[in-house]
Amino acid sequence: MHRKSRPAIAAIALLSLGVGAELPAAGSEPSAVGWSMFRGNPALTGVASGALPDKPTLLWSFKTGGPVKSSAAIMDGRVFVGSDDSKLYALNLADGKKLWEFTGDGSIESSPLVLEGKVYFGSAGTGTNLFAIDAATGKKVWSYGTEGEIKSSPNWVKSPDGRSHWILVGGYDNRLHCVDAATGKTNWIYETGNYINGSPAVFDGKTVFGGCDAILHVLSLAKGDKVKEVEAGAYIAGSGAVDGNRIYIGHYENEFLCVDLAEGKRVWTYKDRAFPYFSSPALAKDRVVFGGRDKRLHCVKRDNGEVIWTFNTRGKVDSSPVVVGEKVVVGSDDGRLYIVSLKDGKELWSYEIGQAVGSSPAVTDGRIIVGSEDGSVYCFGAKR
């Protein structure tokens, strides 16, 4: 195990891989498009292919035993989602019927990752916090213990030698853990100075994650050596989206940032009102969309951060939006799920669930899966 201590100021870490990190290959993706992980892909860009119906219909709902803050993964006709009742559920995408459930050792806010027939997720337990479960049967393959709860959603990369997969996940033990996907054995641990609540993003052989410190860390993945540090300015609870050498991410000092990772400098800063940003952004071609605790959905230009539009809800927007074609789907703590126009932010559709929707939507094949504080998982799509 390779371990590095870091200053008690923290933040976003960038780790360089020796090989290109790839999106899930044909063997790990279903024939349908799928949504295999939090934000849809390893770069956490929050963009889904296909199209949404103009007026989605509630197709089914499934009741769990606690609030659903976890965001779903959808693969091979199955929905995988966690609940605060300490269970991970596998549901039939077609009708919402339960296929199996697995009981962890604490609430499951972590969003599952589905890779090569296994489901990986964290829990808020105090001993065993990272699990690998057989996607077909719900049987435990392995578990991995940390010294703090895991709310971060796992991501994955190819190992530097290209022979295996590595799982990356942050924890409330202030560490980013890198473990072997097949065995659960640790490869290395990177220590920060505070909680890691968000998920690490992967792109072009690198991974980037935000933490509750205030520095951007650039490291070598193979050895965990520090390459550079850049101040982030405030602690980060959400996840960033990456494209090229830029990361887009918000923090608790009421700013949303675009940072050039190669230069180690801010490209622009968006600051509107004195409310934090917890929502993770979605990256469209020329714009970035993100929620705020000011009860609004924001859309700004990717090149300079200038505002394009804002959309008002009646509650904070911790849910992370998903861009689908010319539409954006997002939940709000006002108890509604919304679809708005990517072009101008006009409301196109909404559905009143009734209790807060902090879970982020998962979207595939024209269907939207989202959880709510009312303890249910909802599926919306075209009317049968």
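Residues numbered from 1 in each chain as written. Predicted model: local features only at pLDDT ≥ 70, side-chain atom pairs only at ≥ 80, totals over all residues. Heavy atoms only, no water.

Colleague: Looking at this model, I keep getting lost on the packing of aromatic side chains. Mind explaining?
Modeller: Centre-to-centre distance and the angle between the planes together describe a pair of aromatic rings. Scanning the entire structure with this criterion turns up 20 aromatic pairs. Pairing F62 with Y89 gives two aromatic rings, centres 5.2 Å apart and planes at 65°, and the pair type is edge-to-face. Placement of the pair is F62 in strand β4 (residues 57-63) and Y89 in strand β7 (residues 87-92), with a sequence separation of 27 residues. Taking relative accessible area as the criterion, Y89 reaches 5% and is therefore assigned buried. Taken together, the ring pairs in this structure connect Y248, F256, W268, Y270, Y277 and F290 into an aromatic cluster. (Phe/Tyr/Trp six-rings, centres within 6.5 Å; stacked < 30°, edge-to-face > 60°. Helix = DSSP H or I, 4+ residues; strand = E, 2+ residues; numbered from the N terminus. Buried < 20%, exposed > 50% of the residue type's maximum accessible area, 1.4 Å probe, protein only.)

Colleague: What exactly am I supposed to notice about the sheet that holds strand β12 (residues 140-145) here?
Modeller: The pairing of strands in a sheet happens through backbone hydrogen bonds and is either parallel or antiparallel. Strand order in the open sheet formed by four strands is β9-β10-β11-β12, and the pairing between neighbours is antiparallel. Here the strands that pair on one side only, and so sit at the sheet edges, are β9 (113-115) and β12. Neighbour-to-neighbour, the strand axes of this sheet turn through a mean angle of 20°, independent of strand direction. (Pairing = 2+ DSSP bridges. Axes fitted to C-alpha atoms, helices over the stretch in contact; angles between N-to-C directions.)

Colleague: Before we go on, may I ask you to explain the side chain of S320 in this structure?
Modeller: Note on placement: S320 falls in the loop between β28 (307-312) and β29 (322-324). The exposure class assigned to S320 is buried, which follows from its relative accessible area of 2%. Contact partners of S320, with chain neighbours within four places excluded, come to F38, R39, S279, S280, V329, V330, S360 and P361. (Contact = heavy atoms within 4.5 Å.)

Colleague: What am I meant to see in the pairing of strand β15 (residues 175-180) here?
Modeller: Sheet faces and side chains relate simply in a regular strand, where the side chains alternate between the two faces. Among the six residues in β15, six count as buried, and that is most of the element. Of the two faces of β15, the one carrying R175, H177 and V179 and the one carrying L176, C178 and D180 are both buried. Judged from the five bridges that link them, strand β14 (residues 165-170) and β15 form a sheet pairing that is antiparallel. Of the residues in β15, the one forming a bridge with W166 is D180. Taking the residues between adjacent antiparallel strands as the criterion, β14 and β15 are bridged by four residues, where N174 takes a positive phi near 70°. Two successive antiparallel strands, β15 and strand β16 (residues 186-191), enclose a turn made up of five residues, where G184 displays a positive phi of approximately 80°.

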